[in-house]
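Chain by chain, the residues:
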Amino acid sequence: MALRGAEEGAREENLKRTLEPHKDATLFLAPARVGHRKKMNLKSERRGIHVDQSELLCKKGCGYYGNPAWQGFCSKCWREEYHKARQKQIQEDWELAERLQREEEEAYASSQSTQGAQSLTFSKFEEKKTNEKTRKVTTVKKFFTASSRAGAKKAAQEKIVKQGHLGRERNADNILRDLKEIFTPSWELASPTEAEIQESKSPSPSINRQASIETDRVSKEFIEFLKTYHKPGQDIYKQCKLFLDTMNHKRDLSIEEQSECAQDFYQNVAEKLQTRWKVPPEKVEKAMDQIEKYIMTRQYKYVFCPETTDDEKKDLAVQKRIRALHWVTPQMLCVPVNEEIPEVSDMVVKAITDIIEMDSKRVPRDKLACITKCSKHIFNAIKITKNEPASADDFLPTLIYIVLKGNPPRLQSNIQYITRFCNPSRLMTGEDGYYFTNLCCAVAFIEKLDAQSLNLSQEDFDRFMTGQTSPKKQESDSWSPDVCLGVKQMYKNLDLLSQLNERQERIVSEAKKLEKDLIDWTDGVAKEVQDIVEKYPLEIKPKNQALAAIDSENVENDKLPPPLQPQVYAG
């Protein structure tokens, strides 16, 4: 309660400082500017982003920033609503269990009352018979097991002596450990938690080895930081180790329940620092940052994008959506940034780098710092382009453009991780909370982006989304003379690729048509041949025998005299 009171006391001042340039601003996309004056006279307005500053705040009216992941509430109001709903559900489940148990007991009692009268006499007889048999067997055993009592007595004495030695050794160890804890600071004991023991026993590939090095570095920095707090530092260190052990035993809980444990721990530690040890607010904030860094560095691999959630599925869906929207231009979003200016282009590149670098951080505060740096680069780019301070009207469309152009990896997982395990005071107030809320709004806008938001017809929007065509690029005649030649060549190559793509699509279409015509022609010829064969069947006659000589069958030819030979007479 003391923490909430202090935060409420500084709430108005933080909001005033953060929203001073944007207090009367409304986030929307202005009408699209077309090159021709006639189109400007049409005054066609674009339906796009329309988010008032009041919509960024908690819908319960507490004055803190809300979050779409918390259904528009801030972290404190969301936890209150969550606890109310949870207690109501527990109460309903308890009443249902009691009613079912009562009905079961009544049914069992009614069934037993009908059977009890019939089996009462027989059960008493069986019980008496069993007792008598047991008594006789025990009496007979006593005659043959006289020495077993002495052996049992001797074993019991040895057990007592052994336990006495172990008890004395254990008491001595406990005394030494207690004395060591009294005269040694807790961070110098350096007893590993169960999570650290498991990490040391696990295999150590390069990723695990790198994580272990970072964990050791963060631990040393945390211990050095707590030494400046003296007695409160020792208690903070013990509570952090206890919390890590507790989280190690709660791996089976849902990620939302683990988030509740972390938020409760943050709140309890902050209240102790303020009420019990009277630590100044600025030192409390630094201590909470170090505590978050120490804890979440160890918990990162267990609570970031766990398998029990659909965070990975959402990441893939957002990435696929952003890839499909690669054709969106700054003019469609009315982004007041001129990337032809070298300084502005550098700012855009830095903003994209920062938003992508967010995924490499392990601590929620570091991820928020990446979002803040990205947002500041956006404001600087707008300021250089317009030669005046940027406003919220220009910031959100530019942030959407940066997200579309950068396509940050695991965007939804990072947003959920920050929402679940970041120090709630950072998300509710200050510039970090303001920029993070705008990022959530940008992602929500991208997921619901339609043709009306970009002032396009549904037909053109569908063609752009399916890749059948792309928006017309800027003509080379309209370039200013001081534009970089590489940019001109890039757009020229893009136009050429677009033309080649259209020609390839036509060629593929004609090839498919030709293939279909060939198949139809082959089928037609085969059908005609079949019809002719059926109409005029082909008869194949046997081969004729060879013709014999005229006198081949005259056997008497061998007896004929030889033919006459011409003779010459001399006269």
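What counts as what
- Residues numbered from 1 in each chain as written.
- Predicted model: local features only at pLDDT ≥ 70, side-chain atom pairs only at ≥ 80, totals over all residues.
- Heavy atoms only, no water.
- Axes fitted to C-alpha atoms, helices over the stretch in contact; angles between N-to-C directions.
- Helix = DSSP H or I, 4+ residues; strand = E, 2+ residues; numbered from the N terminus.
- Parallel < 35°, antiparallel > 145°, perpendicular 65-115°, else oblique.
- Left-handed = near helix turned anticlockwise from the far one by under 90°.
- Contact = heavy atoms within 4.5 Å.
- Salt bridge = Lys/Arg side-chain N within 4 Å of Asp/Glu carboxyl O.
- Buried < 20%, exposed > 50% of the residue type's maximum accessible area, 1.4 Å probe, protein only.
- Core = buried A, V, L, I, M, F, W, Y, C linked by side-chain atoms within 4.5 Å.
- Phe/Tyr/Trp six-rings, centres within 6.5 Å; stacked < 30°, edge-to-face > 60°.
- Lys NZ or Arg CZ within 6 Å of the ring centre and 35° of its normal.

**Structural notes on the packing of helix α10 (residues 255–276) against helix α11 (residues 281–303)**
α11 packs onto α10 with a crossing angle of 160 degrees between their chain directions and a minimal axis gap of 11 Å. The angle between the axes of α10 and α11 places the two elements in the roughly antiparallel class. At the point where α10 passes α11, the crossing takes the right-handed sense. Taking contact as the criterion, the partners of Ile255, Gln258, Phe265, Tyr266, Val269, Ala270, Leu273 and Gln274 in α10 are, on α11, Val284, Ala287, Met288, Ile291, Glu292, Ile295, Met296 and Val303.

**Description of the pattern of salt bridges**
Under the defined criterion, the tally for this structure stands at 17 salt bridges. Here Glu339 ties to Lys405 by a salt bridge, and the two come within 2.7 Å at their closest N and O atoms. Of this pair, Glu339 sits in the loop between α13 (330–333) and α14 (342–357) while Lys405 sits in helix α16 (residues 392–406); the two residues are 66 residues apart in sequence, bridging distant segments of the chain. Taking relative accessible area as the criterion, Glu339 reaches 26% and is therefore assigned partly exposed. Owing to a relative accessible area of 43%, Lys405 belongs among the partly exposed residues under this scheme. One salt bridge in this structure joins Glu431 and Lys376, with 3.5 Å as the shortest N-O distance. Taken together, the residues Glu431 in helix α19 (residues 430–447) and Lys376 in helix α15 (residues 364–386) connect sequence positions 55 residues apart. Accessibility expressed as a relative area gives 35% for Glu431, which makes it partly exposed. The class for Lys376 is partly exposed, based on a relative accessible area of 41%. One continuous salt-bridge network, built from bridges that share partners, spans Arg217, Glu221 and Lys293.

**Section: unusual backbone geometry**
A positive phi angle, near 60 degrees, is found at His230, a position not held by glycine. By the element assignment, His230 lies in the loop between α8 (206–226) and α9 (231–248). The residue Asn407 is not glycine, and still its phi comes out positive at about 50 degrees. Looking at where Asn407 falls in the secondary structure, it is placed in the loop between α16 and α17 (411–421).

**Focus on the nonpolar core**
Ranked by size, the top nonpolar core spans 53 residues in total, and within it Val328, Leu333, Ile371 and Ile402 carry the most contacts. Secondary-structure elements contributing two or more residues to this core are α12 (311–324), α13, α14, α15, α16, α17, α19 and α20 (458–466). Judged by nonpolar contacts, the second largest core, of 33 residues, contains Leu226, Cys240, Val269 and Val279.

**Considerations on the packing of aromatic side chains**
Across all of its chains, the model carries 17 aromatic pairs by this definition. A ring pair is formed by Phe222 and Tyr294, whose centres lie 4.4 Å apart and whose planes are at 15 degrees; its orientation type is stacked. With Phe222 in helix α8 and Tyr294 in helix α11, the pair connects residues that are 72 residues apart, well separated along the chain. Residues Trp327 and Phe461 carry aromatic rings whose centres are separated by 5.8 Å and whose planes lie at 80 degrees to one another, so their mutual orientation is edge-to-face. Of this pair, Trp327 sits in the loop between α12 and α13 while Phe461 sits in helix α20, and the two are 134 residues apart along the sequence. With a relative accessible area of 5%, Trp327 lands in the buried category. Taking the relative accessible area as the measure of exposure, Phe461 reaches 7% and is therefore buried. Three or more aromatic residues joined by ring pairs make a cluster, and in this case those are Tyr300, Phe304, Tyr417 and Phe421. Looking at Arg251, its charged tip hangs above the ring of Tyr302, at a distance of 3.8 Å from the centre. When the ring centre of Tyr229 is taken as reference, the NZ or CZ atom of Lys283 above it lies at 4.7 Å.

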